[in-house]
Number of protein chains: 2
Amino acid sequence: MNCPVAQTLEQIGDWWTLLIIRDALNGVKTFTEFQERTGIAKNILTERLGTLVENGIMVREKTRPEVNRYHYRLTAKGEALLPILIAIIQWGDQWVYGGEGPLRIVDAKSKETIRPLTIQAADGRPLSRAELRFHPGSAATTTA
Amino acid sequence: MNCPVAQTLEQIGDWWTLLIIRDALNGVKTFTEFQERTGIAKNILTERLGTLVENGIMVREKTRPEVNRYHYRLTAKGEALLPILIAIIQWGDQWVYGGEGPLRIVDAKSKETIRPLTIQAADGRPLSRAELRFHPGSAATTTA
DNA sequence: CAGTATCCTCGCAGATACTG
DNA sequence: CAGTATCTGCGAGGATACTG
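The model shown is predicted, which means the values in this text are computed figures rather than measured ones.

What counts and how
Residues numbered from 1 in each chain as written. Chains lettered and ligands numbered in written order. Predicted model: local features only at pLDDT ≥ 70, side-chain atom pairs only at ≥ 80, totals over all residues. Heavy atoms only, no water. Least-squares fit on C-alpha atoms with pLDDT ≥ 70 in both. Phe/Tyr/Trp six-rings, centres within 6.5 Å; stacked < 30°, edge-to-face > 60°. Buried < 20%, exposed > 50% of the residue type's maximum accessible area, 1.4 Å probe, protein only. Lys NZ or Arg CZ within 6 Å of the ring centre and 35° of its normal. Axes fitted to C-alpha atoms, helices over the stretch in contact; angles between N-to-C directions. Helix = DSSP H or I, 4+ residues; strand = E, 2+ residues; numbered from the N terminus. Parallel < 35°, antiparallel > 145°, perpendicular 65-115°, else oblique. Contact = heavy atoms within 4.5 Å. Nonpolar A, V, L, I, M, F, W, Y, C, P; charged D, E, K, R; others polar. Near = heavy atom within 4 Å. Polar contact = N/O pair within 3.5 Å; in protein donor to acceptor, adjacent residues only side chain to side chain. Buried area = accessible area lost by both parts, 1.4 Å probe. Salt bridge = Lys/Arg side-chain N within 4 Å of Asp/Glu carboxyl O.

Undergrad: When you look at the relation of the copies chain B and chain A in this model, what are you seeing that I'm missing?
TA: What connects the two chain copies is a rotation about an axis and a shift along it. Structural alignment of chain B on chain A gives an RMSD of 0.1 Å, achieved by rotating through 180° and translating 0.0 Å along the axis. The superposition of one copy onto the other is thereby described by a two-fold rotation axis. Considering only C-alpha atoms, the part of chain B nearest the rotation axis is B:Ile84, at 2.9 Å.

Undergrad: Honestly, the packing of aromatic side chains in this entry has me stumped. Any pointers?
TA: Describing an aromatic ring pair means giving the distance of the ring centres and the angle of the ring planes. All names here are of chain A. Scanning all chains against the criterion turns up two aromatic pairs over all chains. The interplanar angle of 85° and the centroid separation of 6.3 Å between the aromatic rings of tryptophan 15 and tryptophan 16 together place this pair among those described as edge-to-face. On the basis of relative accessible area, tryptophan 15 is assigned to the partly exposed category, the value being 26%. When the ring centre of tyrosine 70 is taken as origin, the NZ or CZ atom of arginine 60, which lies over that ring, is 3.6 Å away.

Undergrad: Sorry, what's going on with the packing of helix 2 (residues 15-25) of chain B against helix 6 (residues 82-96) of chain B here?
TA: Helix-helix packing is described using two parameters, namely the angle between the two axes and the distance between the axes. Residue and element names in this part refer to chain B. Packing of helix 2 against helix 6 leaves a shortest axis separation of 11 Å and a crossing angle of 105°. By the angle class used here, helix 2 and helix 6 are roughly perpendicular. Between helix 2, through Leu18, Ile21, Arg22 and Leu25, and helix 6, the contact on the second element is made entirely by Leu82, Leu85 and Ile88. Residue composition of the contact of helix 2 with helix 6, grouped by class: six nonpolar, no polar and one charged.

Undergrad: Explain the protein's contact with DNA strand D here, please?
TA: As a matter of local geometry, DNA strand D sits amid 16 residues, with A:Asn43, A:Arg48, B:Lys42, B:Thr46 and B:Arg60 nearest to it. Contact between DNA strand D and B:Asn43: a base oxygen at 3.3 Å from a side-chain N or O atom of the residue. One nitrogen or oxygen atom from the side chain of B:Arg60 is found 2.3 Å from a phosphate oxygen belonging to DNA strand D. Those elements giving two or more residues to the surface near DNA strand D turn out to be helix 4 (42-54) of chain A together with helix 3 (31-38), helix 4 (42-54) and strand 2 (70-74) of chain B. Class assignment of the residues belonging to the surface near DNA strand D gives a composition of five nonpolar, six polar and five charged.

Undergrad: Explain the interface of chain B and chain A to me, please; I cannot follow it from the model alone.
TA: Where interface size is quoted, it is often the accessible area lost as the parts come together. Taken residue by residue, the interface counts 77 residues in chain B and 76 residues in chain A. In total, about 7500 Å² of surface goes out of reach between chain B and chain A, with carbon and sulfur atoms giving 65% of it. Here chain B and chain A share four salt bridges between them. Linking A:Arg129 and B:Glu79 is a salt bridge whose minimum nitrogen-to-oxygen distance equals 2.7 Å. For the pair chain B and chain A, the interface holds 26 residue pairs in polar contact (both at pLDDT 80 or more). It is helix 6 of chain B that provides the largest number of residues to the side of chain B that touches chain A, a total of 13 residues. Taken together, the residues of the side of chain B that touches chain A sort by class into 44 nonpolar, 17 polar and 16 charged.

On their own, these measurements won't tell you what the molecule is for.
Next up, the structure:
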């Protein structure tokens, strides 16, 4: 499917994959720590991490040259997933937890909760749903 | 899992579900049109639409009182998924298509492409990844 | 610790046929 | 048109045991 939604889902659309990325953004680095936090089976975790590395979303690095310990770290492509995660967290917080969710994302300095993501025109003006269009083809996002 | 990411994925984390929402945001309304656009099997589509309605993301309405034709429409909860979709589209466009993707999201008035989503502090100042913290527990997004 | 290597199952997706 | 109903498979995901 020639659609950025489908293509993105191809790389991160899997349940476990997004949870791995969530944990990575929270500073998790090692295989075992990912495994304990997500509760995923080891073979599945191996495969998911492998795919993430293949897709250039994470890299696998030795912690020290002579020991078999590894860190998984997000690449720039992986870090760029942050807005997706934020959007997901904010939606879940509002619509599942009614604004009282267990997780806040805060400004490190002021400790204040960050704003809901807003959609902005090229000049910075906020746009509502109705002011947006998908191109090309008003109802032709999709497929081929 | 008591985590807004997991909870959100519970409701929209499925491959087909997000594609349905993508199409709904593009104005698709009827069962058959969803089916043709996504290529999903009918029984699966039935189930997915049913779940979306159960979860309050879409509603099913008769087009006219006496005929068995229906429209599926996004609720406010469903429309609120827009930032997630936008974030996904923008990521796919940049990191899969290298900025030359097949889909642009434009300001209906000016026809200009909208900005990449930015993360903002309470005062509107844009925040980088490093300036964010997840609370509570620096590395404790997660679970229970 | 950081994985492989197997085995097993069950549930989801697909296909097809049918209905108001 | 807008679905239900049924069958069927296959493959992702889990559990467990093993390894450098």
